[in-house]
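These are the residues of each chain, in order.
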Amino acid sequence: MKNKTHIRRIVSVALAATMLTGLLAGCGGKKSGDGLSAYVYVPSYIDLPKEVTEFNNPTLSGDTVFFSMTGYVHKDGTPATAEEAAAMGSGAATGTDLSTDGLQTRIQLCSIKRDGTGFTKLADYQQKQVPTDQFSYAGIDKLTTDSEGNLWAVEEFSKTIYDLPAGFDMKTQDSSEYYKGDERHIYIRKLSNTGKELSTVNLNELVGPVQSSDDNGGGYISVSDIRVGKDGSVYLVDNGSNKLYVLGKDGKPLCNLQPDNNGYIGGLVTLKDGSVAASVSGDSGKTSIRTVNAAAKTWGQTTDIEVNVGNTSSGGKQYDFCYNDGSSLYGYDVAAKKTESIVNW
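Residues numbered from 1 in each chain as written. Predicted model: local features only at pLDDT ≥ 70, side-chain atom pairs only at ≥ 80, totals over all residues. Heavy atoms only, no water.

### Section: the overall build of the protein
Working step 1: Counting its regular elements, the protein contains 3 helices and 20 strands.
Working step 2: Long-range pairs, those at least 24 residues apart, make up 48% of the contacts in the protein with a sequence separation of at least 6.
Working step 3: Of the roughly 17500 Å² of accessible surface on the protein, 47% is carried by carbon and sulfur atoms. (Helix = DSSP H or I, 4+ residues; strand = E, 2+ residues; numbered from the N terminus. Contact = heavy atoms within 4.5 Å. Areas by Shrake-Rupley, 256 points an atom, 1.4 Å probe, with all protein chains shown as cover.)

Spelled out as structure tokens, the structure:
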């Protein structure tokens, strides 16, 4: 059974980040006289409905938190009860029979208010159809929202391929030596706030074959970050090809960019003017922030910075973005090349 305390902690972190972003939007960061942050992180815990068994990919739009979780249905499509779902746990392959009752997993998109009320399953959401055999998997890797309240989901569907001999017993024998490869598909889906599909892009078709040193065959598409710019354009990073892809607000591809001089795209940041930029590291170990000129299909302004940027979040009006190193949250001003400590924990 899921650890409800663990879920509560995850929710508190997500909500704390939201409230901190609001705080930054209204005022600048401050430091006390001894150099320590004047802000203090005080956690608060919210009890969630028993129907919330997972809290994955939380993203905030106004006062609403959207998230994904694994749902369970019977073979005839009727939803499992909360007790049945809790008893099954998680981690099963999509479409696989999980018990003698024939429960199967389904991706679910949900929403809830920041105070823990108003839990809703998005009625119009339907996951993509995938093979329902023993080795298939479906999941949402990333989720974000745009200024119009729409959702952008990165959905992965994969099937692991084995060449199993006749009479092979999965419970007592090791299948790894019979592994042949994976069939994997990534979709970028624009959804309404009720889950209705507005557009979709098959990233496999957009990216094409990905090279890999894997002895078992081709490489993998792996979306490490996704952001929506102030004009509604969608920016996403594929680790497999080390490229930044830009989609229009209608979901149509606009361009793709790759760093020169062996640069590596570490992630995306949303600057305080609402534009999206990439964090790029080079052989020298230095990091730069590069904006994108989607109309010209080229990189825009490049600014070298003195820190390695990871785990980024909104910087409100005071900073271009925030980042954390595991023990502190910092705000960064790109033009001034200045880092300021906001919260220590």
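### What about the environment of Asn261?
Working step 1: Within the element layout of this structure, Asn261 appears in the loop between strand E12 (253-257) and strand E13 (264-270).
Working step 2: Here the alpha-carbon distance between Asn261 and Gly282, two residues 21 residues apart in the chain, equals 7.2 Å.

### A closer look at the packing of aromatic side chains
Working step 1: With the rule as written, the count across this model stands at 8 aromatic pairs.
Working step 2: Between the aromatic rings of Phe157 and Tyr187, the centroid separation amounts to 5.8 Å while the plane-to-plane angle is 65°, which identifies the pairing as edge-to-face. Residue Phe157 is found in strand E6 (residues 151-162), and its partner Tyr187 is found in strand E7 (residues 179-191); the two are separated by 30 residues along the sequence. Exposure class is identical for Phe157 and Tyr187. Each is buried.
Working step 3: Both rings, one in Phe321 and one in Tyr323, keep their centres 6.4 Å apart while their planes meet at 50°; by these two values the pair is tilted.
Working step 4: Among the residues examined, Phe321 registers a relative accessible area of 0% and is labelled buried.
Working step 5: Between Arg290 and the ring centre of Trp299, over which it is positioned, the NZ or CZ distance is 5.8 Å. (Phe/Tyr/Trp six-rings, centres within 6.5 Å; stacked < 30°, edge-to-face > 60°. Buried < 20%, exposed > 50% of the residue type's maximum accessible area, 1.4 Å probe, protein only. Lys NZ or Arg CZ within 6 Å of the ring centre and 35° of its normal.)

### Comments concerning the pairing of strand E19 (residues 328-333)
Working step 1: With 6 of 6 residues buried, E19 lies mostly within the body of the structure.
Working step 2: Neither face of E19 is exposed, since Ser328, Tyr330 and Tyr332 on one face and Leu329, Gly331 and Asp333 on the opposite face are all buried.
Working step 3: Pairing of strand E18 (residues 321-324) with E19 involves 4 bridges; the strand directions are antiparallel. In the strand pairing of E19, Tyr323 is matched with Tyr330.
Working step 4: Linking E18 back to E19 in an antiparallel pair, the connection comprises 3 residues, with Gly326 at a positive phi of about 100°.
Working step 5: In this structure, E19 lies alongside strand E20 (residues 338-344), joined through 6 bridges in antiparallel fashion. From the neighbouring strand, Tyr332 faces E20, where its bridge partner is Thr339. (Pairing = 2+ DSSP bridges.)

### What to know about the sheet that holds E18
Working step 1: Pairing is antiparallel across the open sheet formed by 4 strands, whose spatial order is E17-E18-E19-E20. In this open sheet, the two edge strands, each paired with only one partner strand, are strand E17 (313-314) and E20.
Working step 2: With 2 bridges joining them, E17 and E18 adopt antiparallel strand pairing. Bridged to Ser314 within E18 is Phe321.

### A word on the sheet that holds strand E4 (residues 120-121)
Working step 1: The strand order E1-E2-E3-E4 describes an open sheet built from 4 strands, whose pairing is antiparallel. The sheet is open, and its two edges are formed by strand E1 (56-61) and E4, each paired on a single side.
Working step 2: Where strand E2 (residues 64-73) and strand E3 (residues 104-113) come together, 10 bridges link them in antiparallel fashion. Bridge assignment links Gly71 to a residue of E3, and that residue is Arg106.

### A closer look at the pairing of strand E8 (residues 197-202)
Working step 1: The pairing of E7 with E8 spans 5 bridges and is classified as antiparallel. Counterpart to Ile188 in the pairing with E8 is Val201.

### Some thoughts on the pattern of salt bridges
Side-chain pairs of opposite charge can arise where the charged atoms are in close proximity.
Working step 1: Per the counting criterion, the structure on display carries 8 salt bridges.
Working step 2: The salt bridge involving Glu155 is made with Arg189; its shortest N-O contact spans 2.9 Å. Here Glu155, found in strand E6, pairs with Arg189, found in strand E7; they are 34 residues apart in sequence, far enough to count as distant.
Working step 3: Look at Glu155 and you get buried, because its relative accessible area is 0%.
Working step 4: The exposure class assigned to Arg189 is buried, which follows from its relative accessible area of 4%.
Working step 5: Through salt bridges with shared partners, a single network forms among Glu155, Arg189 and Glu197. (Salt bridge = Lys/Arg side-chain N within 4 Å of Asp/Glu carboxyl O.)

### Concerning the confidence of the model for the protein
Working step 1: Averaged over every residue, the pLDDT of the protein is 78; residues scoring 70 or more account for 76%.
Working step 2: At the level of individual helices and strands, the protein shows its lowest average pLDDT in helix H1 (residues 4-26), which scores 47, and its highest in E4, which scores 94.
Working step 3: Below pLDDT 50 for its whole length, residues 1-13 participates in 25 contacts with residues either more than four positions away or in separate chains. (pLDDT = per-residue confidence, 0-100.)

### So, the side chain of Ser288
Working step 1: Here Ser288 is to be found in strand E15 (residues 287-293).
Working step 2: Setting aside residues up to four positions removed in sequence, Ser288 forms contacts with Ala278, Ser279, Val280, Thr302, Thr303, Asp304 and Ile305.

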